[in-house]
Structures are given as structure tokens and as C-alpha cells.
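Topology and contacts: notes
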Amino acid sequence: MLRATGRTRKLRLSALLLTLAAVAGALLFVELGFADGASAQLGPSTATRQVTPGVGNDAALWRAVHSGVSGWVSIPDRKAGLLIQPQGETWRAVRNGPLLHDGAYLLGAVVVALAIFFLWRGRIRVEDGFSGRTVTRFGPIERFAHWLIAVSFVVLGLTGLNITFGRHVLMPLIGQPTFAAVSLWAKYLHNFVAFAFIAGLVVVFVRWVTENIPDKYDAGWLLRGGGMFAKGVHPPAKKFNAGQKILFWLIVLGGGSLAASGLDLLFPFQLAMFSKTFVFLNLFGANLPTNLAPVHEMQLASIWHAILALLMIALILGHVYIGTLGMEGAFDAMGTGEVDVSWAREHHSVWAERQAARDSQPVIPLGGKESVTPAE
Ligand code: HEM
């Protein structure tokens, strides 16, 4: 039997101590790294830890992963470091729950309300009867911009509704394969027509913004319900009445935000608009999270985009009703651009008198004497 010399014994002892130190160090590292689940970065060494069942504190590790802790990956796509994103569950629940149901109720309620209003009020007539004389209400650029946003909005609305409700409404009617093909093309259409809507929105904003600044007639118009609820009531208004101004600003702000969130969705993980918006809102005391995971950003954009779209569709249903069935003579304004002078006097008296003064044509104000003086 070979007897170890004193030197060999020392070497063996040193090796044993080193090994013990390495094991203790490794255990300490593992405990410090994961024991409380607070580590935000799961470094490469965790790969071994993750795939070693039953070793140490796996429960804490997975609790951390479940809570949305982001790990570290060596591939360029850093998003892959997030194994589980708990907000995804909330997004799914909202998307398949309230958004679907409340959205359908909202649109249904608007259609029913418009039908009841029509049955009760009937078509709002030109009470003085058509005069046969017309005045130019909208020029070619105004009408082009209007129909650009109108047509693109209808296309975006229908293709967008298909994204939200199509699976439940259209698919049972036309079958899965046809629905898949239709939805694919609808999605392409939705993506590209969005740019026409944005262009129309910009022109509409630039062309009409000055005429949509509140003025002294607005409060009176609103207090008298715009004359919508009783015959013979015609509150004065300039080119746009208070109701149209509210619609204008809702379209500009709502449409702008709809377009921004749509671009966020169209260029995934590039714009991070919600984080930036939250940083801005926090300046005013809001306490919103600003370090959003990229996929959380997309979920917020998707829900916000859908909610805004539903609200705007509800709004536009009312607008289309008034512009067609609800009010006699209104459609001509956007059709030919010319409206009957009686219509102009009843709905936009201040504007009508100004136009008449400009054209040197005396206009008889409602229930008054002939006048060539503008109302203000
Ligand atoms: C698709 C069917 C539509 C019809 C039949 C329609 C009809 C009309 C009419 C007749 C007017 C002129 C009202 C007046 O002379 O006082 C008007 C104005 C206007 N429309 Fe439309 N429109 C439609 C869709 C849209 C859409 C989708 C939008 C925006 C998303 C829109 C935005 C506006 C705005 C901002 C005005 C000026 C303010 C106002 O008159 O309310 N329209 N529309």
C-alpha cells in the first residue's frame, strides 16, 4: 500500500477545501440569485437551474417567472427573455369579455336609439319649404377631404369590426375557410386604408379648425338642444353649430389617437407610445407604469384602439343618420356642395346671412324683416 507523503496529504487537503468552497460559493450564489424571487435578471447560469427539477427553491423561481420577471437572453431579440407575461391574461379577458359584449351593446343601443328618435321626431323638414335658391356650403376640397375620411372610415370600421366580432358573427354564416380568406384581405385593406383616413383627417383639421372654435352662439344652441327636439326651434349658428363643433373635436382627437394607436399596432415594438404617454401623464400627477414590457405596450394599444374605434363608430352612426335620413336637405351640402337658402337660414342663420351679404343678396331672417346686415 502506498503511503501518502506529507506533501501529497497537504495537496489532497487543499483540493478538498477548494471543492467545498466552490460548492458553498455556488449554493450561496444560487440562493442570493433566486431565493426571494426578487432578481429581475435571470442570467445564463439559471438555465441549468431551470432545468434541474427538484433542486433547491424551484417554486420561488417559477413564482418570479409567473409574476412577469424578465430574464436575460443572448439572442438579439431581448423580448424572448420574458417567459410569462401575466398582463396577457388580463388583455385576453378584456378582449373576449367586456370589449366584445359591451361593444356590441353600445352599437346596438345607438341603432335602437336612432330608430326611436326617428319614430318620435320623424324627418326634420325644411319648415319654410325649399326656396329654389341655393348657396354654396362646401367647396371641392372640403367635400373631397370629407369623403376621403368618410369612405376610409367606413372601410376601416367594417374591416375592424370583422377583427373584433367576425369570428362570432361572420364565421358561422360563411364557414371557416371563406372567413379566413375574407379576414386576410380585410386585414390588408385595414392596414393600407388607414393612411387615407390619416390624410383626410389632416386636411379636414387644417381646413375647418378655425370654423370650429367655440363662439357666443354655442351655449344657446346647446341649451335649446339645437332645435332637434321641437318643431319651429332654430337657434342661430355660424357655419358650424355647437353640435358639429363637438363632433369635429371628437373626430380630430379620437381619430388622431385611433391613428396613433393603429400605427403602434402596425409597427409592432417600434414606437412604445403608451410608455411615452404615461411618462407625460405622470408629469401631471398620474402614477402610471412607464417601464412597460414591449408586449404589454402592444396589448394596451390593441385594447385602446378597439375601444376608441367602437366609440367613434357609435358617434358616426349618429352623424350619418342626421346627414341622410334625419334631416331634409342636409346631404346636399356634401353631395353637390350647394344647400337651399331656406335650409341654410333655419340651421345656420348667422352663416347664411353672412353669405348673403357677401353675395349682396338680402336674406329674410326667420320670422323677421328683410335684412342685409350680418347678424354680428
Ligand atoms: C359615410 C356617411 C357620411 C355621410 C352621409 C355624411 C354626411 C355629412 C354631411 C351631409 C355633412 C354636412 C353637414 C352640414 O352641412 O352642416 C357632413 C359634415 C361632416 N362630416 Fe360627414 N358624413 C359621413 C361620414 C363621415 C365620417 C365617417 C366622418 C369622420 C370620421 C365625417 C365627418 C364629418 C365632419 C367633421 C363634418 C363637418 C362637421 C359636421 O357637419 O358635422 N363624416 N357629413
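These remarks concern the structure in this document. Please read these numbers as outputs of a predicted model, since none were measured by experiment.

Counting its regular elements, the protein chain contains 15 helices and two strands. In the protein chain, buried positions account for 19% of the 376 residues. The contacts of the protein chain with a sequence gap of at least 6 include a subset with a gap of at least 24, amounting to 67%.

What follows covers the packing of helix α6 (residues 140-169) against helix α8 (residues 176-208). Contact geometry for α6 and α8: axes closest at 7 Å, N-to-C directions at 145 degrees. For the element pair α6 and α8, the recorded crossing hand is left-handed. Tallied by class, the residues present in the contact of α6 with α8 amount to 18 nonpolar, nine polar and three charged.

Neighbouring residues of the ligand: 21 residues in total, closest A150, F153, Q244, G323 and A333. Among the elements of the structure, α6, α10 (242-266), α12 (294-326) and α13 (331-335) are those that each provide at least two residues to the shell around the ligand. In the shell around the ligand, the residues fall into 15 nonpolar, five polar and one charged.

Before going further, it helps to spend a moment on the environment of T336. The residue T336 is located in the loop between α13 and β2 (338-340) in this model. A tally of 13 C-beta atoms within 10 Å means that T336 is categorised as partly exposed. Between the C-alpha atoms of T336 and P140, which are 196 residues apart in sequence, the distance is 9.1 Å.

Here we take up the environment of N241. Looking at the secondary structure, you find N241 in the loop between α9 (218-223) and α10. Overall, the presence of 22 C-beta atoms within 10 Å leaves N241 in the buried class. Through-space distance from the C-alpha of N241 to that of D218 is 6.6 Å; in sequence the pair is 23 residues apart. Not counting the four nearest positions on each side in its chain, N241 is found in contact with W221, G226 and H348.

Judged by nonpolar contacts, the single largest core of 21 residues is most densely connected at I149, F197, A309 and M312. Going through the elements one at a time, α6, α8, α10 and α12 are the ones with two or more residues in this core. Considering every element that reaches this core, the biggest residue donor is α12, with ten residues. Each residue touching A309, except ones within four places of it in the same chain, is listed here: G160 and L258.

We now examine the packing of helix α5 (residues 98-121) against α12. Two elements in contact, α5 and α12, have axes whose closest approach is 11 Å; the angle formed by their N-to-C orientations is 10 degrees. The orientation of α5 with respect to α12, classified from their angle, is roughly parallel. Residues L99, G103, L106, L107, V110, V111, L114 and F118 of α5 lie in contact with α12, whose contacting residues are I303, A306, I307, L310, I313, A314, L317, G318, Y321, L325 and G326. Across the contact of α5 with α12, the residue classes break down as 16 nonpolar, three polar and no charged.

The phi angle at F269 is positive, at roughly 65 degrees, despite the residue not being glycine. Along the polypeptide, F269 turns up in the loop between α10 and α11 (273-282). You can call F269 exposed: it has 12 C-beta atoms within 10 Å. One non-glycine residue with positive phi stands out, namely A272, at about 45 degrees. As for its position among the elements, A272 is in the loop between α10 and α11. On the basis of neighbour counts, which here come to 17 C-beta atoms within 10 Å, the residue A272 falls in the partly exposed class.

Further remarks concern the environment of V320. By secondary structure assignment, the location of V320 is in helix α12. Judged by the 15 C-beta atoms lying within 10 Å of it, V320 is partly exposed. Along the sequence, V320 and F331 sit eleven residues apart, while their C-alpha atoms lie 9.4 Å from each other.

Rules and cut-offs
- Residues numbered from 1 in each chain as written.
- Predicted model: local features only at pLDDT ≥ 70, side-chain atom pairs only at ≥ 80, totals over all residues.
- Helix = DSSP H or I, 4+ residues; strand = E, 2+ residues; numbered from the N terminus.
- Buried ≥ 20, exposed ≤ 12 C-beta atoms within 10 Å, placed from the backbone.
- Contact = placed C-beta atoms within 7 Å.
- Axes fitted to C-alpha atoms, helices over the stretch in contact; angles between N-to-C directions.
- Left-handed = near helix turned anticlockwise from the far one by under 90°.
- Nonpolar A, V, L, I, M, F, W, Y, C, P; charged D, E, K, R; others polar.
- Near = placed C-beta within 6 Å.
- Core = buried A, V, L, I, M, F, W, Y, C linked by C-beta atoms within 7 Å.
- Parallel < 35°, antiparallel > 145°, perpendicular 65-115°, else oblique.

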